Amino acid sequence: MSQNTPVPRLDLAPKLRRPLSLLNPLDYLRLLYWVFYFPQALRWYVDTFGGGYISPKEMKWQKLWELISQNSVKRKLLFQGLVLTVITPLIICLFFQIIGISINWSFLALGVVIGLVTGLVSTTELGLPLSLALGVAGGIVLGISGGFITLILGVTAFGLVLGFAFNLLSILFKGFSLIVSTVLAFGVVINIFIFIVLSFIYTPETGIITSLWFNIGLGFGLLRPEVWLIGLLVEFKIINTDFYFFARITLIPLSQLGKHLQDSLQRDWETGLHNGNQLLTYSLQFIIVVQAINSVITKISSDQIIWYISKIADISIFRNVLRFISASLYKGLILFFWRSLILFFRLIYIFFSSWFILGLSKYLSFSLQQKFESNIDARIDNLTLPKQFQIICRLNTPARATAAGFWYIYDKEPAKALEAFTVVRSALYGEEMYTLAQTLTIFHEAKEIKSIAALQIPTFPQETLLRPITWQALNSLKRVAEDVKFIDRGVSRAARSFALNRALGELTNILNTSATLPEAERDLIIDITKNWQEQLLQIAGEVGEVTITKPVTNPYIVGDPVLGHRFVGREDIMRELEEIWMTENQIQSVVIYGHRRMGKTSVLLNIVNRLGAGIQVAYVNMLKSADAPQGVGEVLMAMCDEISQAVKISPPNDDDLLKLPYRTFERFLKQVIANLQGGLIIAIDEFEKIEDLINSGKIPNDFMGYLRGLVQMSPKVGFAFAGLHTLEEMSADYFHPFFGSLINIRVGFQNRAATRQILANPDEDFLLDYTPEALNLIYDLTHGQPYLVQLFGFQLVRNYNDSVFEQGRKRDHIFTVEDVEAIINDSEFFQRGRYYFDGVWTQAADGVPGQQIIIRTLAPHPQGLGLDVLAESTGLNSKNLEDALNILQRHDVVEESQGNWRIIVEMFRRWVLRLSE
């Protein structure tokens, strides 16, 4: 829609580069000119030099006084306005007196006072122009004395001043031409009042004539037709000057202006919108702007319409333009007229009826008077209009539906915006705007904690976005909703408190950065954010207030596998297994290895919940096979039992497995494969037991080769071996068939965050809490070793129950560093932890010699020893020392840090020291 010739950018703002001076007479004339012929400049002046304009809603008497006393620019502006309000009508009336017109100086003073008081009671920084206009006009009108002619002149001037005042207000408060309807409705009421009063005092003819002249004055004051006529002469080039000048204070459309704006919009949309913004800011040509934009939008393809209209929505001054892209402008003006008229009559009825009853109530009872006084405000607040007087947005074209969607978001009615964006859902950015309106609707309707916690939030779009900053805020609100869900349903005080603080932090961040949000969504998102913030603050005192009346059920699991929601912190491993087994065409076999009590069994037992119904897992624990007195048949028998349970197929006869183990198992596996809908993982835990059975002669050396052959039978079957080693570390050649075909997955220590999660939130019913320092100390002592972490939690809960319910001591529900230190100073912890400690120590006795010597040597040194010192202290040669350190490092017993070798798990180091005592 652009051409090569650049589109001129309008700059209609005043060109003043300094504040007005009290000593410069021309500045007083400039101010007088601004009030009567360029009132938009007053707001520009306050924004530019006076520190910014403050709306009447925010302005109070105290704040206005502080601004005037502290801001020299605003103080000088007020002074200049007061001077002009007094001097201007005085000079004009002196001139009238010189030419022979009689002046009543008392009434002149009264008119000036009325103007001054009107400006002051407006409680706005820009009450000055209203005060000046009414003071000058009112003083002149009241000052001129005479008979009937004076009455006509006064009524006409009253209409003129009234029209001019409303015109001025529409500019200062950016009400634009919509205020015309309100003024016309108000004018009807005044007309009726003038006719009735003057007909009663004089004659009906007098009432009609004065009403007519009032309307003439009102029309001239409001529409400024003389300015429009001059502008018309400029349009036809009868007068050679800038026709933008005459658009400032007339509401009557200047057609040539519309043609220029339409041309700029067609050639460069964003520059055209800039020009439209200038016209709306520094003129009253609202109708022309609406017509020009509507004319251009009809030529835009439906695929591009959302982008174009979003640019309109991003400029706040175009808010009402959006409405009248969808709704009919002229019907809207008519509806505004009727709405205003009905409201005026209703207000009159309320006040007259209420005050009449109040007058009677003085003779009845004081309580009745109080009742009616409180009733007046309620009756005004409950004023409603029939639906037929509501401006209806049309959705019958993509442009109208899109504009309506953005308008409804501006108007804080996201449910209606959702309906509008449904029409353009298939257009470019349509799905995004539909989801945005849907999300805003869901968030806006969630008014209480329960409803926020129950939110079902749609999936947010991930592609190139039209409103990226809005989605950042909505993602923050989404995280808040997730935290609220946890706050509402969780029990752990630490976790709930953390979630509450995190949610309040997110909400505060949204409010602090709200200025960056797009104009259309900003106020609605701020409202949602403030409401949620208020709801969270109301429950802040309740979070964590838990009363414990009976012993706490110990949620920590020591020794047994951790299942379900208590299984935390292995997302990387679970995700890797999912990728291997769910995204490949052939199920790969894996080795899950790590030192004792690290959580390998828990991984195997929990992975089944992540793979879905398509892949079955048969878990086989080799320790249950004991010494396999019946040989390989007994081992295969154990595997058949678990496979049968997983795939729901009857296992083969035990006798057949004992007589022909390989053939029977192979036939059974073929039957399983034939009935598989997806895949089968045969998980063999503690697989080092296979080596023990082979070494003791219980099963043949070719057993691993046989399993390898079974895997090659079908891509649907894979093995998962869990143990202390990778297959490459096994000592015998019979593991070689699997070397090249297995993926090694290491199960190491939990990180600090996972350790905190395991301890602070072991289940939903946990009533106790930890200080951050206690959680950090437990991690430092265990390095995230799962068995020891669970053991710490188990012992802490046990000690709490013993102290509170056995010994009857009162204590806080929060575990501290002192509680943790009491655990590690108690020999019972080391006794219960022997399954881990003995396992690591025993494993260090196998394979490469010197491992236990290294451990004993390092135990007295928490910070570790350098390689040279370690070699000297252990007496091992460099080759044996290096081999032993590599094995210990691979088994997560020692690590090198800053040139020193140290024992990783602090509690194991302390156990070794006790062992040496």
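Thresholds applied
- Residues numbered from 1 in each chain as written.
- Predicted model: local features only at pLDDT ≥ 70, side-chain atom pairs only at ≥ 80, totals over all residues.
- Heavy atoms only, no water.
- Helix = DSSP H or I, 4+ residues; strand = E, 2+ residues; numbered from the N terminus.
- Buried < 20%, exposed > 50% of the residue type's maximum accessible area, 1.4 Å probe, protein only.
- Contact = heavy atoms within 4.5 Å.
- 1 Å grid on protein atoms, 1.4 Å probe; cavity = no way out; pocket = protein on both sides within 12 Å on 5 of 7 lines; lining within 4 Å.
- Points joined across faces, edges and corners; volume = space filled by probe spheres on them.
- pLDDT = per-residue confidence, 0-100.
- Pairing = 2+ DSSP bridges.
- Axes fitted to C-alpha atoms, helices over the stretch in contact; angles between N-to-C directions.
- Core = buried A, V, L, I, M, F, W, Y, C linked by side-chain atoms within 4.5 Å.
- Salt bridge = Lys/Arg side-chain N within 4 Å of Asp/Glu carboxyl O.
- Patch = residues over 30% accessible without salt bridge, like charges linked within 9 Å, V, L, I, M, F, W, Y side chains within 5 Å.
- Areas by Shrake-Rupley, 256 points an atom, 1.4 Å probe, with all protein chains shown as cover.
- Parallel < 35°, antiparallel > 145°, perpendicular 65-115°, else oblique.
- Left-handed = near helix turned anticlockwise from the far one by under 90°.
- Phe/Tyr/Trp six-rings, centres within 6.5 Å; stacked < 30°, edge-to-face > 60°.
- Lys NZ or Arg CZ within 6 Å of the ring centre and 35° of its normal.
- Expected span 1.5 Å × (residues − 1).

A. Layout of the overall build of the protein. The helix and strand inventory of the protein stands at 42 helices and ten strands. When the 917 residues of the protein are sorted by exposure, 51% land in the buried category. A sequence separation of at least 24 residues applies to 75% of the contacts in the protein between residues at least 6 apart.

B. Empty space enclosed by the protein, seen in detail. Under the definition given, this model contains two cavities of 30 Å³ or more. Its volume calculated, the second largest cavity comes out at about 30 Å³. What lines the second largest cavity is simply His 595, Tyr 836, Val 840, Asp 892, Val 893, Ile 903, Val 905 and Phe 908.

C. Quick look at the confidence of the model for the protein. Looking at the protein as a whole, the pLDDT averages 77, with 72% of positions reaching at least 70. The low-confidence segment residues 362-389 (pLDDT under 50) makes 34 contacts with residues lying over four places distant or belonging to another chain.

D. Local environment of the pairing of strand β1 (residues 589-593). With five of its five residues buried, β1 lies for the most part within the structure. Covered by surrounding structure in β1 are Ser 589, Val 591 and Tyr 593 together with Val 590 and Ile 592, the residues of both alternating faces. Pairing between β1 and strand β5 (residues 742-746): five bridges, direction parallel. Paired with Tyr 593 across the strands is Arg 746, a residue of β5. Where β1 and strand β4 (residues 717-723) come together, four bridges link them in parallel fashion. Each bridged residue has a counterpart across the sheet, and for Tyr 593 the counterpart in β4 is Gly 723.

E. Here's a closer look at the sheet that holds strand β3 (residues 679-685). Reading across the sheet, the five strands line up as β2-β3-β4-β1-β5 and stay open at both edges, with parallel pairing between neighbours. Strand pairing shows two members of the sheet lacking a second neighbour, β2 (615-621) and β5, which therefore form its edges. When the angles between neighbouring strand axes are averaged without regard to direction, this sheet yields 20 degrees. Lying on the sheet, helix α28 (residues 632-647) is in contact with β2, β3 and β4; it crosses β2 at an angle near 150 degrees. Across the sheet, helix α32 (residues 703-713) touches β1, β3 and β4, and the angle it forms with β4 is around 140 degrees.

F. Representation of the nonpolar core in the model. By size, the foremost hydrophobic cluster in this structure holds 102 residues, and its most contacted members are Trp 269, Ile 293, Ile 297, Trp 532 and Leu 536. The leading source of residues in this core is helix α18 (residues 398-410), at nine residues. Setting aside chain neighbours within four positions, we find Ile 297 in contact with Trp 269, Ile 305, Ile 309, Ile 312, Ile 325 and Ala 399. In terms of nonpolar packing, the next biggest core, distinct from the first, is built from 75 residues, Val 603, Ile 745, Leu 858 and Ala 859 among them.

G. Inspection of the pairing of strand β10 (residues 900-903) at higher detail. In terms of strand pairing, strand β8 (residues 865-866) meets β10 through two bridges, oriented antiparallel. Bridge pairing in β10 places Leu 865 opposite Trp 901. Pairing analysis gives four bridges linking strand β9 (residues 894-897) to β10, with the strands arranged antiparallel. Opposite Ser 897, over in β10, you have Asn 900 as the bridge partner.

H. Structural context of the sheet that holds β10. Taken together, three strands build an open sheet; the order of strands is β8-β10-β9 and the sheet is antiparallel. The sheet terminates laterally at β8 and β9, the two strands that pair on one side only. The strands touched by helix α41 (residues 878-890) within the sheet are β9 and β10, with β9 carrying the most contacts at an inclination of about 105 degrees.

I. Fine view of the pattern of salt bridges. Per the stated rule, a full pass over the model turns up 20 salt bridges. For Arg 902, the salt bridge is made with Glu 895, and the minimal N-O distance between the two is 2.5 Å. Several salt bridges share partner residues, and in doing so they unite Arg 18, Asp 27 and Arg 30 into one network.

J. Region of interest: a nonpolar patch on the surface. A surface patch of nonpolar side chains, about 440 Å² in accessible area, is lined by Ile 209, Leu 212, Trp 213, Ile 216 and Phe 220. By the element assignment, Leu 212 lies in helix α9 (residues 204-223).

K. Quick peek at the environment of Ala 437. Tracing the backbone shows Ala 437 in helix α20 (residues 430-445). Judged by relative accessible area, Ala 437 falls into the buried class, the value being 0%. Not counting residues within four places of it along the chain, the set of residues in contact with Ala 437 comprises Pro 414, Ala 417, Leu 418 and Phe 421.

L. Representation of the packing of α18 against helix α19 (residues 414-423). Where α18 meets α19, the axes come as close as 8 Å, and the angle between the chain directions of the two elements is 165 degrees. Classed by the angle they form, the pair α18 and α19 counts as roughly antiparallel. Handedness of the α18/α19 crossing: left-handed. The segment α18 lies against α19, with Ala 401, Thr 402, Ala 404, Gly 405, Phe 406, Tyr 408 and Ile 409 engaging Pro 414, Lys 416, Ala 417, Ala 420, Phe 421 and Val 423.

M. The packing of aromatic side chains, seen in detail. All chains considered together, the criterion is met by 21 aromatic pairs. For the ring pair Tyr 836 and Phe 908, a centre distance of 6.4 Å and an interplane angle of 75 degrees mean the geometry is edge-to-face. Here the residue Tyr 836 occupies a position in helix α38 (residues 834-843), and Phe 908 occupies one in helix α42 (residues 906-916), the gap between them amounting to 72 residues. Taken together, the aromatic side chains of Phe 792, Phe 829, Phe 830, Tyr 836, Phe 837, Trp 841, Phe 908 and Trp 911 make up a single cluster linked through ring pairs. The ring of Phe 460 carries Lys 478 above its face, with NZ or CZ at 4.9 Å from the centroid.

N. Region of the structure containing α20. Relative to the 22 Å expected for 16 residues at 1.5 Å per residue, α20 spans 22 Å between its end C-alpha atoms, a close match to the ideal helical length. Gly 430, Glu 432, Met 433, Tyr 434, Thr 435, Leu 436, Ala 437, Thr 439, Leu 440, Thr 441 and Phe 443 are the residues of α20 that are buried. On its buried face, α20 sits against α14 (305-313), α18, α19, α22 (468-489) and α24 (519-539).

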